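Reading the structure
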Amino acid sequence: MTDKSRDDSTAWSPWMMNPWNLGQTVSSYWVDAWQRAILYADIERQVGDQYQAQRKMNVPNVLNFPAELVMSGLTLPRPVNYLMVRIVPPDDQPTVPGKRPFLVVDPRAGHGPGIGGFKSDSEIGAALKAGHPCYFVGFLPDPVPGQTVEDVMRAHAAFVSKAAELHPDSQGKPVVIGNCQAGWQVMMAAAVWPDLFGPLILAGAPLSYWAGRNPMRYAGGLLGGSWLTALTSDVGHGRFDGAWLVKNFENLDPANTLWTKQYHVYAKADTEAERYIGFEKYWGGYVFLNDVEMQYIVDNLFIGNKLSTAQLLTSDGIRIDLRNIRSPIVVFSSFGDNITPPAQALGWITDLYLDDDDVRSHDQTIVFTTHDRIGHLGIFVSGSVGSKEHRKFASTIDQIDLLPAGIYRATVEETPGDDTLLNDPYLMSVRQSGLAEIAQIVQPDPESDRRFAAAARLSEINLAFYKSTLQPWVKALSTPYSAALLEALHPMRLSYESWTSAHPWADTIHKWAENIAQQRQAVDQDNPLLQAQENFSQAMERALDNYRDRRDSIYQIWFDTVYGSPLLLALAGHAPGDSTPARPHPGSSPEHLAFVREQMHRLDGLLNEGGLLEAALRGLFHIAKQRNSVDERYHHAAMRLREQYDAGKFDIEKMRAAIREQALVLAHHGHKAVEAIPHLLSRHTPEEIRLVASLIKKLISAIDEQDAAPAAVAKASQEVLDLFETAARQREQAEQSVPLESTPLARTAATPVAKATSETVPGSPPGAMSTPLAQTGAGIPVKKTAAGTKLAPEVAAPAAAQSGPEVAAAVVAKPAPEARASAAPRSATKTTPQTASRATRTAAPGKVAGKSAATGRSTAKGRTRKS
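Residues numbered from 1 in each chain as written. Predicted model: local features only at pLDDT ≥ 70, side-chain atom pairs only at ≥ 80, totals over all residues. Heavy atoms only, no water.

**Description of the overall build of the protein**
When you go through the protein residue by residue, the secondary structure sums to 33 helices and 15 strands. Residue burial in the protein is summarised as follows: out of 867 residues, 56% are buried. Put simply, of all contacts in the protein between residues at least 6 apart along the chain, 83% involve residues at least 24 apart. Carbon and sulfur atoms form 56% of the exposed surface of the protein, whose accessible area is close to 36100 Å². (Helix = DSSP H or I, 4+ residues; strand = E, 2+ residues; numbered from the N terminus. Buried < 20%, exposed > 50% of the residue type's maximum accessible area, 1.4 Å probe, protein only. Contact = heavy atoms within 4.5 Å. Areas by Shrake-Rupley, 256 points an atom, 1.4 Å probe, with all protein chains shown as cover.)

**What to know about unusual backbone geometry**
Outside of glycine, negative phi angles account for most residues, and trans bonds account for most peptide bonds. Phi at Ala310 takes a positive value of approximately 55°, unusual for a residue other than glycine. With respect to the element layout, Ala310 can be found in the loop between helix H11 (291-303) and strand E9 (329-334). Despite not being glycine, Asp363 has its phi angle at roughly 60°, a positive value. Along the polypeptide, Asp363 turns up in the loop between helix H13 (356-361) and strand E10 (365-371).

**Observations concerning the pattern of salt bridges**
Summed over all chains, the structure comprises 40 salt bridges. When the shortest N-O distance is used, the salt bridge between Asp398 and Arg100 registers 2.9 Å. In this pair, Asp398 sits in helix H16 (residues 397-400) while Arg100 sits in the loop between strand E2 (82-87) and strand E3 (102-105), placing the two residues 298 residues apart along the sequence. Notably, a salt bridge pairs Asp401 with Arg656, separated by 3.0 Å at the nearest N-O pair. Separated by 255 residues along the polypeptide, Asp401 in the loop between H16 and strand E11 (406-414) and Arg656 in helix H28 (residues 652-669) bring together distant segments of the chain. (Salt bridge = Lys/Arg side-chain N within 4 Å of Asp/Glu carboxyl O.)

**Re the environment of Arg78**
Inspection of the secondary structure assignment puts Arg78 in the loop between strand E1 (67-72) and E2. For Arg78, a relative accessible area of 28% gives the class partly exposed. Separated by 68 residues in the primary sequence, Arg78 and Gly146 have C-alpha atoms spaced 9.6 Å apart. One polar contact links Arg78 to Asp151, side chain to side chain, over a distance of 2.6 Å. (Polar contact = N/O pair within 3.5 Å; in protein donor to acceptor, adjacent residues only side chain to side chain.)

**Section: the packing of helix H7 (residues 227-235) against H11**
Orientation of H7 relative to H11, taken along the N-to-C sense of each, is 170°, at an axis distance of 10 Å. Between H7 and H11, the crossing angle belongs to the class labelled roughly antiparallel. Counted together, Thr229, Ala230 and Ser233 of H7 and Asp291, Met294, Gln295 and Val298 of H11 form the full contact between these two elements. When the residues that make up the contact of H7 with H11 are grouped by side-chain class, the tally is 3 nonpolar, 3 polar and 1 charged. (Axes fitted to C-alpha atoms, helices over the stretch in contact; angles between N-to-C directions. Parallel < 35°, antiparallel > 145°, perpendicular 65-115°, else oblique. Nonpolar A, V, L, I, M, F, W, Y, C, P; charged D, E, K, R; others polar.)

**Observations regarding the confidence of the model for the protein**
Averaged over all residues, the pLDDT of the protein is 80; the fraction at 70 or higher stands at 78%. Across residues 740-867, confidence stays below pLDDT 50; counting only partners more than four residues off in sequence or on other chains, it has 378 contacts. (pLDDT = per-residue confidence, 0-100.)

**Re the pairing of E2**
In terms of burial, E2 is a largely internal element, 5 of the 6 residues being buried. Sheet topology places E1 next to E2; 5 bridges connect them, and they run antiparallel. Counterpart to Ser72 in the pairing with E2 is Leu83. As paired strands, E2 and strand E4 (residues 134-139) are joined by 5 bridges and run antiparallel to one another. Note on E4: the bridge partner recorded for Arg86 is Tyr135. (Pairing = 2+ DSSP bridges.)

Right under this line is the structure:
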């Protein structure tokens, strides 16, 4: 006899030895089970009533925050069924003037809108707690007839432009959060209109659909391609019912769909009603897509996987290349997500870039973080995630915006108990990562790509055959009445329609439930029958999970066998033994290559150019890269120092340009850039130099108090401080030999930063927005007085060295009024026709949805965008 069986017999012995106790045990369990059954039935009745009420609403949603309409997509030149609303902040959480706005965009993937603000601990809640004005982009249940994915892209660009227009004093461009399917829509819009968007946060967003090992990626091939999508839209009279998409999600986890979800409500009927009813309000809020929208998504994304290799073009020939995005991209995914695993969320990076230098040459900043176990919906609605990751993204977004080009990995952990710099229970740390670490997660598989390419080719053949033979007959037989009948008979809808207050027994069950709530007789938790019930539930879950695992294995075997056959591989153009990639790297346009060569030449000339700001940035970069990782406490320490020396407004765009440029200078020249610090300081007074050096020393000391510095950090710090002191002494010696009045007064910085919407450098590719290479440095502001020019230099701690970890900090200091300096100004950058065109687009946000724009990369035919 096993230990478990002995334990079971021991548990039952008190009742078996006493028949009276056994009778009471059985009786109390069945009374409790009966009462829970009635309560469960009444809960399901409320869910059905809620479903009916939602269908009658003009703008159904599950937002937990009051909102007011700001802009309707129905009024755009190319109308869509999307809406932009302003979230009204609570009275006790007013927005902070000057903070950049947040836009939360919900996915239109079968469910209704509102999941981004489903509860207080959500993405919207996190943005409001951080003091940011917040907007929500949702949609109506029915699409505008004829609207396309490109129309939705234009609407997103118009919404972002409107948010920027409403906050002209914002300290940065709007932050856009794209949930799930909204993630790729936002990325497509940002690739075409990069000037409009600030940092992008992608939560559980699939971008590379062939990557990973999740079973959903095989569905298109096993069904013969997208012809079934066309058939479903045709029988729906031009509309695709989102309930089919929700059904696909439920099929992924049969244990939860068929048993666990309902059993959990039944077992805890006293406490689970509110949570379950609230979630079903979202899960049962089905919406529709146009036939052209759904066909585009399935053909080009789900099966074709064309987005992550820049194969998509807009209607006017503009290539949608994600490498054109100039804002930081934060990718948040989870290994517990079986819908969008990290491989699909990050695979676009390995698809587009050859190495880390390729990322930097395209001026892209990518920050990724992963969760160990949270599910797909938990990324948006989980309270633990909302109170940690999303809240940290919102509170540190300005620091993320300062990161130089490159790939970084962020982690959120509990703040050490002895911390004095950060008044927050959680601490975000960022470390330098690279393409190699991304590849370990994605695990690119060329052989698998060939099989998916064969599936995509067969899909094209089957779709063409369907359109040539069956589609005309299906469309002729489909009417609005037949589509409405099929909609009502959908199994997902029937589950809500079949049990509502309209049912003859519903009133009786409701009255019983009210009486039971007043006379509830819950069973003891140690009741052996209740324990047997729990054991049976666990066994049922294991059985269904085992079925799921075997089913998924069979799916993969079938897919690999069918599409790995020589015949189908030949359809995709792959002969046996052919090593040609199924999806070749998109490569770089001649314009981009010329741009890179020009910038490399410019970097050679920037070694000895700059002033106080450039010297401070190089020094801090050199120190920061000696640490394995840095956290947001650097920023808070820098802000405290800044408050002591300056009360002026912090220009994040200028500082971001300077940081990104000096990071590239350090990466390009190596230690020579550090050795050039005394030369950069040669036109400044000793007082200015020592003041900046003291700020650097205070910043380092503040961090070392929280986290002891390694020996390499201490050595680098001393080296930088010695260079500053050397420069100060050289200036003292120079002043002793040259009369002070012979020194001309001039600005201490190098060149004012080129405006992002109107200036770039010669040789930049058409459509390229603003790059740190084009923006030659943040100009240090000066104050005009009757006597001349007084210095007010800005000194910022960098977000990161390109070859090391980041320092998310920005320190602004003002030396003594009598300090004077001189510097040779750098030549201003020039304006090109392409940048002038972009300036026109940005200046007219209301017309974004009606006109296309350059993507920052020329098309395959060398086409450039005309203003």
